[in-house]
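# What the coordinates show
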Amino acid sequence: MSHKNAAASTYIMSSSEAAWLEELKQYAINRGVSPRVVEEALGDFYPTQSVIDLDRKQPESTITLETYVNNVVSQARIKKGTELLVKHVKTLRNIEQKTGVPPQIVVALWGIESNFGSNTGRFEVINSLATLVYEGRRADFFRNELVNALKILEQNNMRASELRGSWAGAMGQCQFMPSTYMNYAMDGDGDGIIDIWNSVDDVLASIANYIKAEGWAEGEKWGRKVVLTQPVHPDLIGLQIVLPLTEWAAMGVRTETGAHLPRFDMKASLIRPSGEGGDSFLVYNNFNVIRRWNRSNFFAVSVGTLSDRIYEMTLRKK
């Protein structure tokens, strides 16, 4: 199977590929996308080799949590996040009143997903998603995302070339997949259009709406870095074990500074994302909410850590 590269001017589909494409178009039409939009978006589709290569070469990272967090939670990102929180504080406070999601969490997710909108992806989302359906590794998932992306084109009167994002189809400054956009994206500035590419108000409202919908507990922390003053049995380490803070305290778990844990009536899990010898964290329900955005402990710890650093710097600015 050959794939046209970006410089090629023609791509001749085999009969089996052409039949596959017609079937894909009909699938979208059967799910409510107009034939006109389907034809305009997929009429000249060809599979893009660079997308297939990126999907196939996602390596298992051997990086430690500590290195990952240091890379993601940089001083530059903390500084920029603090400046943007202050700049958009009125909007963020209004969003917090409606959703219960604090400004620093919203800004941290914005910063980690797209570096505050500066890195939203240059791939054509329709082409990328159709390519990933064609490749077949997760065809059902990407077929559903493609249908949603086509509906976004139709709703917003966009051309396929205008809908850009990551090679895997994540879109805009909050890097929503098309289904996430359809379910959770919000019109934050009241102009009647949900624009997660250019409207910061829409981006911030959409992030908070998604996090709220996933179960954010208002007024609760995500977790904290802790130290173990005595060994904790390995069977007790992991998100599957949830115990009251009093029990963790009795096992010698202390705050990062060595102080006793707060006497809150909360339950937490003890995790050690880098394994034995790595940093330990007590995490609460809101940590699991962040993981529903991205099911990575490294990601969730980074979001929580960045949000804490932004909050601390914001307090110092007052």
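Along each chain, residues carry numbers from 1 onward, in the same order as the chain's sequence is written. Local features in this predicted model are restricted to residues whose pLDDT is 70 or higher, and side-chain atom pairs enter the listing and the counts only when it is 80 or higher, whereas totals over whole chains, interfaces and linings include all residues. Side-chain metrics rest on all non-hydrogen atoms present in the structure, leaving aside hydrogens and water.

Here we come to the overall build of the chain. Helix numbers and strand numbers start at the N terminus; a helix is a DSSP run of H or I with at least 4 residues, a strand a run of E with at least 2. A tally of regular secondary structure across the chain gives 14 helices and 7 strands. Dimensions of the chain, computed from C-alpha atoms along their principal axes, come out at roughly 70 × 45 × 35 Å. Exposed residues in this analysis have more than 50% of their type's maximum accessible area, buried residues have under 20%, and partly exposed residues fall in between, with area computed by a 1.4 Å probe over protein chains only. Counting the 318 residues in the chain, one finds 49% classified as buried. Pairs of residues are marked as contacts when any of their non-hydrogen atoms sit within 4.5 Å. Sequence-distant contacts, at least 24 apart, represent 69% of the contacts inside the chain between residues at least 6 apart. Counted as positive: Lys and Arg. Counted as negative: Asp and Glu, with His and the chain ends omitted from the count. Think of each charge as sitting on NZ of Lys, CZ of Arg, CG of Asp or CD of Glu. Distance between charge centres in the chain, computed from 35 positive and 36 negative side chains, equals 5 Å.

In the sections that follow, a salt bridge refers to a side-chain nitrogen of Lys or Arg positioned within 4 Å of a carboxyl oxygen of Asp or Glu. Taken as a whole and assessed by the stated rule, the structure comprises 12 salt bridges. Between Glu83 and Lys79 there is a salt bridge, and its shortest N-O distance comes to 2.8 Å. Taken together, the residues span about one helical turn, with Glu83 and Lys79 both in helix α5 (residues 75-87) at a distance of 4 residues. Classification of Glu83 by relative accessible area gives partly exposed; the value is 35%. In this structure Lys79 comes out as partly exposed when scored by relative accessible area, which is 48%. Through salt bridges with shared partners, a single ionic network connects Glu22, Lys25 and Glu39.

Two measures define how a pair of helices packs: the angle their axes make with one another and the distance between the axes. Following both chains from N to C, one finds helix α1 (residues 15-30) and helix α2 (residues 35-42) inclined at 145 degrees, their axes separated by 9 Å at the closest point. For the crossing formed where α1 meets α2, the hand is right-handed. In this structure, α1 contributes Leu21, Lys25, Ala28 and Ile29 to the contact, and α2 contributes Pro35, Val38, Glu39 and Leu42. A per-class count over the contact of α1 with α2 returns 6 nonpolar, no polar and 2 charged. Each axis is a line fitted through C-alpha atoms, taken for helices only over the stretch in contact, and angles between the N-to-C directions span 0 to 180 degrees. Take the far helix as your reference; a near helix turned counterclockwise from it by less than a right angle gives a left-handed crossing, and one turned clockwise gives a right-handed crossing. Classes in brief: Ala, Val, Leu, Ile, Met, Phe, Trp, Tyr, Cys and Pro nonpolar; Asp, Glu, Lys and Arg charged; the others, Gly included, polar.

With that settled, the discussion passes to the sheet that holds strand β6 (residues 267-271). Overall, antiparallel pairing links the 5 strands, which are arranged β4-β6-β7-β3-β5 in an open sheet. Each edge of the open sheet carries a strand with a single partner, namely β4 (243-244) and β5 (253-255). For strand β3 (residues 223-228) and strand β7 (residues 280-283), the ladder comprises 4 bridges, and the chain directions are antiparallel. Each residue of the ladder has a partner; that of Arg224, found in β7, is Leu282. By definition, two strands form a pair when at least two bridges between them are found by DSSP.

The span you would expect from a helix comes to 1.5 Å times its residue count less one. Here helix α14 (residues 297-317) spans 30 Å end to end across 21 residues, near enough to the 30 Å set by a 1.5 Å rise per residue. Polar contacts here mean pairs of N or O atoms no more than 3.5 Å apart (in protein, one a potential hydrogen donor and the other a potential acceptor; neighbouring residues in sequence count only if both atoms are side-chain atoms). Near the N-terminus of α14, the side chain that reaches the backbone nitrogen of Phe298, with its oxygen 3.2 Å away, is that of Ser296.

Let us now look at the nonpolar core. Judged by nonpolar contacts, the single largest core of 78 residues is most densely connected at Ile126, Leu150, Leu163, Ile196 and Trp293. Per-element tally for this core: the top contributor is α14, with 8 residues. Core analysis: the second largest hydrophobic core is formed by 14 residues, Val226, Val232, Leu261 and Tyr284 among them. To qualify as a nonpolar core, a set must consist of buried Ala, Val, Leu, Ile, Met, Phe, Trp, Tyr and Cys residues joined through side-chain atoms within 4.5 Å.

With that settled, consider the side chain of Asn286. Residue placement: Asn286 occurs in helix α13 (residues 285-293). In this structure Asn286 comes out as buried when scored by relative accessible area, which is 0%. A distance of 2.7 Å separates a polar atom in the side chain of Asn286 from the backbone nitrogen of Ala217. Apart from the residues within four sequence positions on either side, Asn286 is in contact with Gly215, Trp216, Ala217, Glu220, Lys221 and Trp222.

With 4 of its 5 residues buried, β6 lies for the most part within the structure. Note: β6 against β7, 3 bridges, orientation antiparallel. Pairing of Leu270 across the sheet is with Leu282, part of β7.

Turning our eyes to something else, we now look at the confidence of the model for the chain. For the chain, the mean per-residue pLDDT works out to 93, and 95% of the residues sit at or above 70. This model gives residues 1-9 a pLDDT under 50, and the stretch forms 12 contacts once residues within four places in sequence are excluded. Residue-level confidence of the predictor, termed pLDDT, takes values from 0 up to 100.

Below, the discussion takes up the packing of aromatic side chains. By convention here, two paired aromatic rings are described through the distance between centres and the angle between planes. Under the pairing criterion, centres of Phe, Tyr and Trp rings, with the six-membered ring standing for Trp, must be within 6.5 Å; the plane angle then separates stacked pairs below 30 degrees from edge-to-face pairs above 60, leaving the rest tilted. Counted according to the given criterion, the structure contains 12 aromatic pairs. Among the aromatic residues, those joined into a cluster by ring pairs are Phe176, Tyr184, Tyr210 and Trp293. A positively charged side chain is recorded as over a ring if its NZ (Lys) or CZ (Arg) lies within 6 Å of the ring centre. The angle to the ring normal must also be within 35 degrees. Sitting over the face of the ring of Tyr27, Arg31 holds its NZ or CZ atom 3.6 Å from the ring centroid. Over the aromatic face of Phe141 sits the side chain of Arg138, whose NZ or CZ is 4.3 Å from the ring centroid.

Glancing now at the environment of Asn71. By secondary structure assignment, the location of Asn71 is in helix α4 (residues 65-72). Taking the relative accessible area as the measure of exposure, Asn71 reaches 54% and is therefore exposed. For the pair formed by Asn71 and Ser302, sequence separation is 231 residues and the distance between their alpha carbons is 9.4 Å.

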